[in-house]
Amino acid sequence: MTQENQGKKTAGIDGVRSVSPVGRLALAEAIHPKRMKKKKPKPLRRVWIPKPGKAEQRPLGIPVMFDRACQAVAKQALEPQWEALFEADSYGFRPGRSAHDAIAAIFNGIRYKSKYVLDADIKGCFDNINHQALLGKMRTYPAMRRLVKGWLKAGVMDDMDLSPTLAGTPQGGVVSPLLANIALFGMEEALINAYTGGKKTLSARQGAPKLIRYADDFVVLHAEVAEVLKAHQLIATWLQGIGLELKPSKTRLSHTLKE
């Protein structure tokens, strides 16, 4: 899994850019629960990459190869459980799903009836997730919880400066996209419950606003503007519980037929 992403040749703080086939075998043997428990995660290496078409840069946190491999194993253990729970209209960083699927879901949500649309973006999602809220939501066994907490709290090296990581799950970590989806899990259910009063009937849920999310970007669709505005406030409040907020400059209300 660590060999599949585009940044596989980016080194962590130890300078190791790749592992030979023999080294991979030794690495696999080293990833044993007892050894992983004793080995403290190393700090991340800070790498800044430009955002397309913008002057600002995106901060990445690159783990060392051993931690990267451990995260890949943890992801394989956690992902099946969470894939069984994640919302049907969540599309980012999930196996077998893509941005095209999210676009198709939005198209199907507006094709038969015009809708008001809340087009929203979460501000610094990966950088600001509350660690305690995330670890509490995971509901995993103690050894996995300790591992994930160690990766979250490992710190980051920017040149020669070591800084603590007090919040967030670093972009660049193998397990980070899954952790971000876990943090955002429940947003749609909170929205539907607020609209239906907790009723679980299909007829009650059908009239609720529709939320379609791709990673930290999402839209809310409904025929009534009042319901979309209500959803805006509810989601903003819900996000505070995991240390996040909406980005005003990238959050707007529009209509599928009106300017």
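Within each chain, residues carry numbers counting from 1 in the order of the written sequence. Residues qualify for local features only when their pLDDT is at least 70, as the model is predicted, and side-chain atom pairs are given and counted only at 80 or more; totals for whole chains, interfaces and linings, by contrast, use all residues. Computation of side-chain values covers all heavy atoms of the structure but excludes hydrogens and water.

**Topic: the pairing of strand β6 (residues 210-214)**
Step number 1: At least two DSSP bridges between two strands are needed for those strands to be called paired. Helix and strand assignments come from DSSP, with helices taken as H or I runs of at least 4 residues and strands as E runs of at least 2, each series counted from the N terminus. In the sheet, β6 pairs with strand β7 (residues 217-222) via five bridges, with the strands oriented antiparallel. Across the sheet, lysine 210 pairs through a bridge with leucine 221, a residue of β7.
Step number 2: A loop of two residues connects β6 with β7, the two strands running antiparallel in sequence, and alanine 215 in this loop sits at a positive phi of about 60 degrees.

**Observations concerning the sheet that holds strand β4 (residues 156-158)**
Step number 1: Overall, mixed pairing links the four strands, which are arranged β2-β1-β4-β5 in an open sheet. Of all the strands in the sheet, the pair left with one neighbour each is β2 (57-62) and β5 (161-163). Adjacent strand axes in the sheet meet at a mean angle of 40 degrees when their direction is disregarded.
Step number 2: With six bridges connecting them, strand β1 (residues 44-50) and β2 associate as antiparallel partners. Residue pairing for β2: valine 47 is matched across the bridge by leucine 60. A fitted line through C-alpha atoms serves as each axis, taken over the contacting stretch for helices, and the angle formed by two N-to-C directions is quoted from 0 to 180°.

**Thoughts on helix α3 (residues 65-83)**
Step number 1: With 19 residues, α3 should reach 27 Å at 1.5 Å per residue; the first-to-last C-alpha distance of 26 Å fits that figure.
Step number 2: Note on bend: the value at a residue is the angle between axes fitted to the seven residues ending there and to the seven starting there. At alanine 77, α3 is deflected by roughly 30 degrees, the largest bend along its length, and proline proline 80 occurs up to four residues later in sequence. Here the expected length of a helix is defined as 1.5 Å per residue gap, with one fewer gap than residues.

**So, the pattern of salt bridges**
Step number 1: Each salt bridge in this description consists of a side-chain nitrogen of Lys or Arg and a carboxyl oxygen of Asp or Glu lying within 4 Å of one another. Under the criterion given, the structure shown has five salt bridges.
Step number 2: Across the salt bridge formed by lysine 75 and glutamate 79, the nearest N and O atoms sit 3.0 Å from each other. Remark: glutamate 79 and lysine 75 occur in helix α3; sequence separation between them is four residues, near one turn of the helix.
Step number 3: Each residue is placed in one exposure class: buried if its accessible area under a 1.4 Å probe, protein chains only, is under 20% of its type's maximum, exposed if it is over 50%, and partly exposed if it falls in between. Residue classification places glutamate 79 among the buried residues on the basis of a relative accessible area of 14%.
Step number 4: Among the ionic pairs, arginine 94 bridges to glutamate 83, the shortest N-O distance being 2.9 Å. Here glutamate 83 lies in helix α3 and arginine 94 lies in the loop between α3 and α4 (99-110), a separation of 11 residues in the sequence.
Step number 5: For arginine 94, a relative accessible area of 7% gives the class buried.

**Section: the side chain of aspartate 67**
Step number 1: For aspartate 67, the position within the fold is in helix α3.
Step number 2: Note on definitions: a residue-residue contact is assigned when non-hydrogen atoms from the two residues lie within 4.5 Å. Here aspartate 67 is in contact with Pro41, Lys42 and Trp151, once residues within four sequence places are set aside.

**Notes on helix α9 (residues 187-196)**
Step number 1: Those residues of α9 that fall on the buried side of the exposure criterion are Met187, Glu188, Leu191, Ile192 and Thr196. Each buried residue of α9 lies within a common arc of 150 degrees when the element is viewed along its axis, so the set occupies one face.
Step number 2: Within two residues after α9, glycine 197 carries a phi angle of roughly 70 degrees, on the positive side. Within this analysis, the arc is defined by the directions that extend from the helix axis to the C-beta atoms.

**With respect to the packing of helix α6 (residues 131-138) against helix α7 (residues 142-152)**
Step number 1: Direction vectors running N to C along α6 and α7 enclose 160 degrees, while the axes themselves pass 11 Å from each other. As summarised for this structure, α6 and α7 are arranged roughly antiparallel, according to the angle between their axes. Handedness of the crossing formed by α6 with α7: right-handed. Residues His131, Gln132, Leu134, Leu135, Gly136 and Met138 of α6 form the contact with α7, whose own contacting residues are Arg145, Val148, Lys149 and Leu152.
Step number 2: Counted by class, the contact of α6 with α7 contains five nonpolar, three polar and two charged residues. Angles below 35 degrees are treated as roughly parallel, those above 145 as roughly antiparallel, those between 65 and 115 as roughly perpendicular, and all remaining angles as oblique. Here a crossing is taken to be left-handed if its near helix is turned anticlockwise relative to the far helix by less than a right angle, and right-handed if that turn runs clockwise. Residues are grouped as follows: nonpolar covers Ala, Val, Leu, Ile, Met, Phe, Trp, Tyr, Cys and Pro; charged covers Asp, Glu, Lys and Arg; every other residue, Gly included, is treated as polar.

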